[in-house]
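# Structural features, examined
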Amino acid sequence: MPAFTKKAIADSFLKLLREKPLDKITIKDIVEDCGINRNTFYYHFEDIPALVEMILREETERVLGEHLGEDSWEEGFIAAARFALENKRSIYHIYNSVNREVFERYLNQIGMDVMERFVEKAARGFSVSPEDQKLMASFYRAALTGMILDWLASGMKYEPEDVIRRLGVMLAGSIETAFANMSR
């Protein structure tokens, strides 16, 4: 029953988030929409930011679970961008709220997880320290999540998949080249 209730709370919140900005949603709105009492909400969540964080964490786990075996970093970033497009209004309500850092943390977590896995695969055959691998993953994560944040700030006006794929072509082999240079 608790998992069902938690999902019902999240579903009610997401429904409300499609209708109005995050800063305008109250716990009262959620519990009325969900048909529960306030104590039930507080049994599952400390507050609305905790609810937002749980939803984004679950989405992160879903995206990573679907793309763990990928040989390219592009698919993980494309999945995150698709989620943003599919939930454009809700994402903007979070992005333009005081809880923006929760969303940025979500993007950075997906970006780092995807890049760490990709960099680890690219490092095979090179004598590169774990610290340098982490530095490389962090560099690409910062660049790519920065581009996604710019895309959000511009109103999601272009198709992110095209840009991500073009970047994939431009950057193909760059990690391996950097590792080869470091191994000399």
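Just so it is clear, the structure is predicted and the values come from calculations on it, not from any experiment.

## Thoughts on unusual backbone geometry
- Residue M156 is not a glycine yet carries a positive backbone phi of 50°.
- Note on placement: M156 falls in the loop between α8 (130-153) and α9 (160-171).
- Judged by its relative accessible area of 5%, M156 is buried.

## Points about the pattern of salt bridges
- Scanning all chains against the criterion turns up eight salt bridges.
- Note that K20 is salt-bridged to D29, the shortest N-O span being 3.0 Å.
- One salt bridge in this structure joins E32 and K28, with 3.9 Å as the shortest N-O distance. Residue E32 and its partner K28 are located together in helix α2 (residues 27-34), separated by four residues, close to a single helical turn.

## Some points on the packing of aromatic side chains
- Scanning the entire structure with this criterion turns up four aromatic pairs.
- With a centroid separation of 5.7 Å and 40° between ring planes, the pair formed by F41 and F45 is classed as tilted. There is no split in this pair, since F41 and F45 are both buried.
- On the basis of an interplanar angle of 55° and a centroid distance of 6.3 Å, the ring pair of F126 and F179 is categorised as tilted. Taken as a pair, F126 in the loop between α7 (100-122) and α8 and F179 in helix α10 (residues 174-183) lie far apart in primary sequence, 53 residues in all.
- Assessed through its relative accessible area of 28%, F126 is described here as partly exposed.
- Judged by relative accessible area, which is 0%, F179 ranks as buried.
- Through a chain of ring-to-ring contacts, three or more aromatic side chains come together here, namely F41, Y42 and F45.

## Looking at the nonpolar core
- F13, L51, M115 and L152 are the most contacted members of the largest nonpolar core, which has 59 residues in total.
- Per element, the largest residue contribution to this core is 11 residues, and it comes from α7.
- When sequence neighbours within four positions are dropped, the list of residues in contact with L152 reads I91, Y92, Y95, F103 and L107.

## Considerations on the side chain of D29
- Relative to the helices and strands, D29 resides in helix α2.
- Separated by 3.0 Å, the side chains of D29 and K20 make a polar contact.
- Dropping the residues within four chain positions of it, D29 is found in contact with L16, K20 and K24.

## Brief notes about helix α6 (residues 88-95)
- With six of eight residues buried, α6 is to be regarded as a mostly interior element.
- Regarding α6, the residues found buried are S90, I91, Y92, H93, I94 and Y95.

Thresholds, definitions, all that
- Residues numbered from 1 in each chain as written.
- Predicted model: local features only at pLDDT ≥ 70, side-chain atom pairs only at ≥ 80, totals over all residues.
- Heavy atoms only, no water.
- Helix = DSSP H or I, 4+ residues; strand = E, 2+ residues; numbered from the N terminus.
- Buried < 20%, exposed > 50% of the residue type's maximum accessible area, 1.4 Å probe, protein only.
- Salt bridge = Lys/Arg side-chain N within 4 Å of Asp/Glu carboxyl O.
- Phe/Tyr/Trp six-rings, centres within 6.5 Å; stacked < 30°, edge-to-face > 60°.
- Core = buried A, V, L, I, M, F, W, Y, C linked by side-chain atoms within 4.5 Å.
- Contact = heavy atoms within 4.5 Å.
- Polar contact = N/O pair within 3.5 Å; in protein donor to acceptor, adjacent residues only side chain to side chain.

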